[in-house]
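Here are the chains, one letter per residue:
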Amino acid sequence: MEHPEILAQHYHEATQFERAADYWLRAGRKLGATWAKVEAANMFSKGIECVRRMPPSTVRDSKELTLELERGDVLYAAYGYMTDEGSDAYRNVMRLSEATRDPEAAIRALDGLFGTSFNSARFSDAEWASNQLKEIGRRDSNIKALVLGLQFGGMCAFARGRFPQARKVLLEALEHREHAHEVGSDFPSMSMLYLSWTLQILGEADTAMELFHAAEMETRGQADYRLAAYLGNGCILMSLRQDVATLARLVDELVPLATRNGFQLWLNFASFFSGWVKAASSQDSSGLAQMKHICDNMGDQEVDKTCYLGVLTDSYLRMGRIDEATAALDQGLKLAGRTGEHYYMPELLRLRGELLRQTDRPAAAKRSFEEAISFARGQGMGGESQAVT
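How each quantity is defined
Residues numbered from 1 in each chain as written. Predicted model: local features only at pLDDT ≥ 70, side-chain atom pairs only at ≥ 80, totals over all residues. Heavy atoms only, no water. Helix = DSSP H or I, 4+ residues; strand = E, 2+ residues; numbered from the N terminus. Rg over C-alpha atoms; globule rule 2.2 N^0.38 Å. Buried < 20%, exposed > 50% of the residue type's maximum accessible area, 1.4 Å probe, protein only. Contact = heavy atoms within 4.5 Å. Areas by Shrake-Rupley, 256 points an atom, 1.4 Å probe, with all protein chains shown as cover. Phe/Tyr/Trp six-rings, centres within 6.5 Å; stacked < 30°, edge-to-face > 60°. Polar contact = N/O pair within 3.5 Å; in protein donor to acceptor, adjacent residues only side chain to side chain. Salt bridge = Lys/Arg side-chain N within 4 Å of Asp/Glu carboxyl O. Axes fitted to C-alpha atoms, helices over the stretch in contact; angles between N-to-C directions. Left-handed = near helix turned anticlockwise from the far one by under 90°. Nonpolar A, V, L, I, M, F, W, Y, C, P; charged D, E, K, R; others polar. Expected span 1.5 Å × (residues − 1). Arc of directions from axis to C-beta. Parallel < 35°, antiparallel > 145°, perpendicular 65-115°, else oblique.

> Can you help me understand the overall build of the protein chain in this one?
When its secondary structure is counted, the protein chain shows 20 helices and zero strands. A compact globule built from 389 residues would reach a C-alpha radius of gyration of about 21 Å, and the protein chain, at 22 Å, matches this within 12%. Structurally, the protein chain occupies a C-alpha span of about 75 × 45 × 35 Å along its principal axes. Counting the 389 residues in the protein chain, one finds 57% classified as buried. A separation of at least 24 residues holds for 60% of the contacts in the protein chain among residues at least 6 apart in sequence. Accessible surface for the protein chain amounts to roughly 16,400 Å². Of this, 49% is attributable to carbon and sulfur atoms.

Structure follows, in structure tokens:
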């Protein structure tokens, strides 16, 4: 059907709410396959309005659950971070899954709640979702819930800078790789990518790249969102490795993919690192402006922002723009303190030392370099890590 929204509106006006809800669902799914994901969410919301005007029944609960899941997922795809509407959708699914006795819906909702919380750098909320999934997995012998809970727990450990824990938990998740089809979601590619970051920082660069290439083999041919996640997260790895050429290739593929699908989070990744390529490869100051623009306009997308601000600080320093470097670094340190995202903290402290050195404060610079090394060792790194070289 070419225009299900027309029939949906017709049945809505005729107070045939069940049929209207079915057509709003079709219309939302059709639009959700394009870049117009916010508009798709609005159609799912109209379907929910219709469902709630139906008499109470298990059929009504089941239809509402489906519409809420679709609404939550399409908002997740559009924004990537936590929105009130998206969170409400997933929490309603949690409630309805009990009424409909649909444990798979609860798992899918917890998957969404984790993702939106994590991308908003609300790591306590993300850890709650991870723990809920592990509890369901162990209680019900549900491999999907267990493995997703492990993967998400490893991602949180990485973000907080707990690298030995991250490695242990992500490896435990990857022990279940043979169940990848059953687990679904973004497993095992996301576990591989976060483990690659972890190992890169711990100095195991060759193994990190092996995992990155393995993740590529998993994501090629999958849904566009999974490929975008691989490309975007690959940009972080290549920035850690200072591999400008490979990063440029990833950005070139990610920009049209994210634009075509309306993936704003991944478009932010691509735009930021496109700016970094300009600045790193040709000292192009427009790249700095592009990077700063993304940092200033990320909204509630705060995961990895300490990394962005560190990369921006380093780029300012390389071009001798001390005042702007100081402002970006101050913002990064404050953000790390507020969110608890500490995986980039040793590098931020190193950059502070470099700023102090360049402004003729050698004693303070020495103390900051020593603090960076001490912080890195406290995170399980041996001596001077990737982040503080």
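Moving on from the coordinates now.
> Please clarify how the packing of aromatic side chains should be interpreted in this entry.
Inspection of every chain in the model, using the stated rule, returns 20 aromatic pairs. Here Y11 and Y23 contribute two aromatic rings whose centre-to-centre distance is 5.7 Å and whose plane-to-plane angle is 15°, an arrangement assigned as stacked. Remark: Y23 occurs in helix α2 (residues 17–32) and Y11 occurs in helix α1 (residues 4–13); sequence separation between them is 12 residues. You can call Y23 buried: its relative accessible area is 12%.

> Please clarify how the side chain of T246 should be interpreted in this entry.
By the element assignment, T246 lies in helix α14 (residues 244–261). In this structure the side chain of T246 is engaged in a polar contact, spanning 2.8 Å, whose partner is the side chain of D243.

> How should I be thinking about the environment of S57 in this particular structure?
Inspection of the secondary structure puts S57 in the loop between α3 (37–51) and α4 (58–79). On the accessibility criterion, S57 (30% relative accessible area) is partly exposed. A polar contact of 3.4 Å, which involves the side chain of S57, links it to the backbone nitrogen of V59.

> Looking at this structure, how should I read the pattern of salt bridges?
Pairs can form between side chains of opposite charge once their charged atoms are near each other. In the structure shown here, the tally under the stated rule is 28 salt bridges. The partner of K334 in a salt bridge is D330, and the shortest N-O contact between them spans 3.1 Å. Placement of the pair is K334 and D330 together in helix α18 (residues 322–339), with a separation of four residues, close to one helical turn. Relative accessible area serves as the criterion here: at 56%, K334 is assigned to the exposed category. Residues participating in the shared-partner salt-bridge network are R52, E64, E68, R71, E85 and R95.

> Can you help me understand the environment of I48 in this one?
Structurally, I48 can be placed in helix α3. Once residues lying within four places of it in the same chain are set aside, the contact partners of I48 are L67, E68 and R71.

> When you look at unusual backbone geometry in this model, what are you seeing that I'm missing?
Excluding glycine, a negative phi dihedral is what most residues carry, and trans is how most peptide bonds are arranged. For the bond running from F187 to P188, omega is 5°, close enough to zero to count as cis. Note on placement: P188 falls in the loop between α10 (180–183) and α11 (189–201). Non-glycine residue R101 carries a positive phi angle of around 55°. Mapped onto the elements, R101 comes out in the loop between α5 (84–100) and α6 (103–119).

> Is there a simple way to think about the packing of α14 against helix α15 (residues 264–282) in this case?
Any two packed helices are characterised by how steeply their axes cross, that is the angle between the axes, and by the distance between the axes. Following both chains from N to C, one finds α14 and α15 inclined at 145°, their axes separated by 9 Å at the closest point. Remark: the crossing between α14 and α15 carries left-handed chirality. Every residue of α15 that contacts α14 at V244, L247, A248, V251, L254, V255, A258 and T259 is listed here: W266, L267, F269, A270, F273, S274, W276, V277, A280 and S281. For the contact of α14 with α15, the residue count by class is 15 nonpolar, three polar and no charged.

> What exactly am I supposed to notice about α18 here?
Given 3.6 residues to a turn, an α-helix orients residues that are three or four positions apart in the same direction. Helix length check: α18, at 18 residues, gives a terminal C-alpha distance of 26 Å against a target of 26 Å (1.5 Å per residue), a fit within 8%. Those residues of α18 not exposed but buried are A325, A328, L329, G332, L333, L335, A336 and T339. Each buried residue of α18 lies within a common arc of 160° when the element is viewed along its axis, so the set occupies one face. Residues D323, K334, G337 and R338 are exposed on α18 and point more than 90 degrees away from its buried face. If you follow the buried residues of α18, they end up packed against α7 (123–140), α17 (305–318) and α19 (345–358). In the segment just after α18, G340 is the residue with positive phi, at about 80°.

> I keep staring at the packing of helix α8 (residues 143–159) against helix α9 (residues 163–174) and nothing clicks. Help me out?
The N-to-C vectors of α8 and α9 enclose an angle of 160°; their axes lie 8 Å apart at closest approach. Here α8 lies roughly antiparallel to α9, going by the angle between them. In this structure, α8 crosses over α9, and the sense of that crossing is left-handed. Contact residues: α8 offers V147, L150, Q151, G153, G154, M155, A157 and F158, while α9 offers F163, Q165, A166, V169, L170, E172 and A173. Looking at the contact of α8 with α9, its residues break down into 10 nonpolar, four polar and one charged.

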